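Close look at the chain arrangement
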Amino acid sequence: MEARGQHARWVAPDIGALFVVSGPSGTGKTTLLREAFRVIPGLEFSVSATTREPRANEREGVDYHYMSHDAFRQMLDTGALLEHARVYGNFYGSPRAPVERAIAEGRSIVLDIDVQGAEQVRTAYPDAVSIFILPPSLASLEARLRARGLDDERVVRRRITEADEQLAQAGQYDYLIMNDDLVSAHTQFQAVIVAELHRRARRGSWLDAARS
Ligand code: ADP
Ligand code: 5GP
C-alpha cells in the first residue's frame, strides 16, 4: 500500500503515531486502509512477514513479505520481529526495523495485525493507537469473505469459525469502527487517524509558530 496524499496543505505532525488496526478477516481492514493511505499523507504501512500463500491480487513487498517457515523462524530467532502470531493456520509477524525507524524519525506507521499481535505491540508501545473494525454481523462477514472470492472454501470456513476469537478482544481497543455502510466507515476511520495526528503533544511546533 502506498501513501498518495491529496491534502496540499497538510502539515505532518512533529511526532508520528503508531496505529494498530485489527478485526476479523473480511471485516474490511484492507479496504479502509487503502483509502486512508490514498487521502492521508505521510502514513506508512508496516509490511508484515507471512508464511501464507500470496492471493491473486497481492504483491510481494507491498502487501506482505511472503516466506517459507524456515525463513520466518529465522526472523523470529534473530529478534527481527516486533510481534508475531499464528492466525488462521499461518504465521504472521511485523518486522521490527521499519517500525523502530518510523518512530525514531517521527513518522506515522500503521500495523494491520491480529489481536494477539496487537497485545504484544501495546506492551512494547503503550502509546500505540488501536482501532478495531467490527462487521455489522457474523452473517455479513461470511457474505463478504465469499464475495471477495480470494480464498477457497476451507479457508473461508476457518476464518468464520475463528472470527469470534478476534471479536472477543475488541474491548481492549481505543476505537471501534463499525463497517456497515462503507462510505460512513471510511469517514469515521479517517477521522480517528486525523484526530490522533492533531493531538497537542504531536503539534508543539504549531504552538511555537503561532506565537512567533
Ligand atoms: P479484511 O482486509 O478485513 O480481510 P477486506 O478489506 O478484504 O477485509 O474486505 C473483505 C470484502 O468485503 C472485500 O471484497 C470488500 O470489497 C468487501 N467490503 C468491505 N467493506 C464492505 C462494506 N462496508 N460493505 C460491503 N462489502 C464490503
Ligand atoms: P490475511 O491472511 O487475511 O491477510 O490476514 C489474516 C489476519 O492476519 C488478519 O487478522 C491480519 O490482521 C493478521 N495479520 C497480518 N499481518 C500480521 C502480522 O504481522 N502480525 C499479526 N499478529 N497478525 C497479522
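Residues numbered from 1 in each chain as written. Chains lettered and ligands numbered in written order. Predicted model: local features only at pLDDT ≥ 70, side-chain atom pairs only at ≥ 80, totals over all residues. Heavy atoms only, no water.

1. Examining the site of ligand 2
- Lining the immediate surroundings of ligand 2 are 19 residues, of which Ser48, Arg52, Tyr64, Tyr92 and Arg159 lie closest.
- Isoleucine 113 places a polar main-chain atom, nitrogen or oxygen, 3.5 Å from an oxygen atom of ligand 2.
- Looking at the shell around ligand 2, the elements with two or more residues in it are β5 (81–87) and β6 (90–95).
- Across the shell around ligand 2, the residue classes break down as six nonpolar, six polar and seven charged. (Near = heavy atom within 4 Å. Polar contact = N/O pair within 3.5 Å; in protein donor to acceptor, adjacent residues only side chain to side chain. Helix = DSSP H or I, 4+ residues; strand = E, 2+ residues; numbered from the N terminus. Nonpolar A, V, L, I, M, F, W, Y, C, P; charged D, E, K, R; others polar.)

2. Considerations on the site of ligand 1
- If you check the shell around ligand 1, you find 13 residues, and the closest are Gly26, Thr30, Thr31, Arg148 and Asn179.
- Note that an oxygen atom of ligand 1 is positioned 2.8 Å from one of the backbone N or O atoms of lysine 29.
- Within the side chain of arginine 144, a nitrogen or oxygen atom sits 3.3 Å from a nitrogen atom of ligand 1.
- Contact with the protein chains covers 75% of the free accessible surface of ligand 1, which is 570 Å².
- For the shell around ligand 1, the secondary structure elements donating two or more residues are α1 (29–39) and α5 (138–148).
- When grouped by side-chain class, the residues that make up the shell around ligand 1 number two nonpolar, seven polar and four charged. (Areas by Shrake-Rupley, 256 points an atom, 1.4 Å probe, with all protein chains shown as cover.)

3. Some details on the sheet that holds strand β1 (residues 18–22)
- Strand order in this open sheet of five strands is β2-β7-β1-β8-β9, and the pairing throughout is parallel. Both outer strands of the open sheet, β2 (43–45) and β9 (175–178), are each paired with one neighbouring strand and no more. Along the sheet, successive strands turn relative to each other by an average axial angle of 25°, direction set aside.
- Both strand β8 (residues 129–134) and β9 contribute to a ladder of four bridges, which runs parallel. Bridging from a neighbouring strand, phenylalanine 132 pairs with leucine 176 of β9.
- In the packing of helix α4 (residues 115–124) onto the sheet, contacts are made with β1, β7 (108–112) and β8, and the angle to β1 comes to roughly 160°. (Pairing = 2+ DSSP bridges. Axes fitted to C-alpha atoms, helices over the stretch in contact; angles between N-to-C directions. Contact = heavy atoms within 4.5 Å.)

4. Brief notes about the nonpolar core
- With 22 residues, the main nonpolar core has Phe19, Leu43, Ile131, Phe189 and Ile193 as its most contacted residues.
- Mapped onto this core, the elements with two or more residues apiece are β1, α1, β2, β8 and α7 (182–196).
- At five residues, α1 tops the list of elements feeding residues into this core.
- By size, the runner-up hydrophobic cluster in this structure holds 16 residues, among which are Leu18, Val20, Leu82 and Ala170. (Core = buried A, V, L, I, M, F, W, Y, C linked by side-chain atoms within 4.5 Å. Buried < 20%, exposed > 50% of the residue type's maximum accessible area, 1.4 Å probe, protein only.)

5. Topic: the sheet that holds strand β4 (residues 64–66)
- Pairing is mixed across the open sheet formed by four strands, whose spatial order is β4-β3-β6-β5. Looking at strand neighbours, the two that pair on one side only are β4 and β5, the edges of this open sheet. Looking at each pair of strands side by side, their axes are set apart by 25° on average, direction ignored.
- Sheet analysis places strand β3 (residues 48–50) next to β4, joined by three bridges and oriented parallel. Across the sheet, serine 48 pairs through a bridge with tyrosine 64, a residue of β4.

6. A word on the pattern of salt bridges
- Tallying each qualifying case throughout the model produces 15 salt bridges.
- Across the pair arginine 73 and aspartate 77 runs a salt bridge, and its minimum N-O distance is 3.5 Å. With arginine 73 and aspartate 77 both in helix α2 (residues 69–77), this residue pair falls four residues apart, about one helical turn.
- Overall, aspartate 77 belongs to the exposed group, its relative accessible area being 55%. (Salt bridge = Lys/Arg side-chain N within 4 Å of Asp/Glu carboxyl O.)

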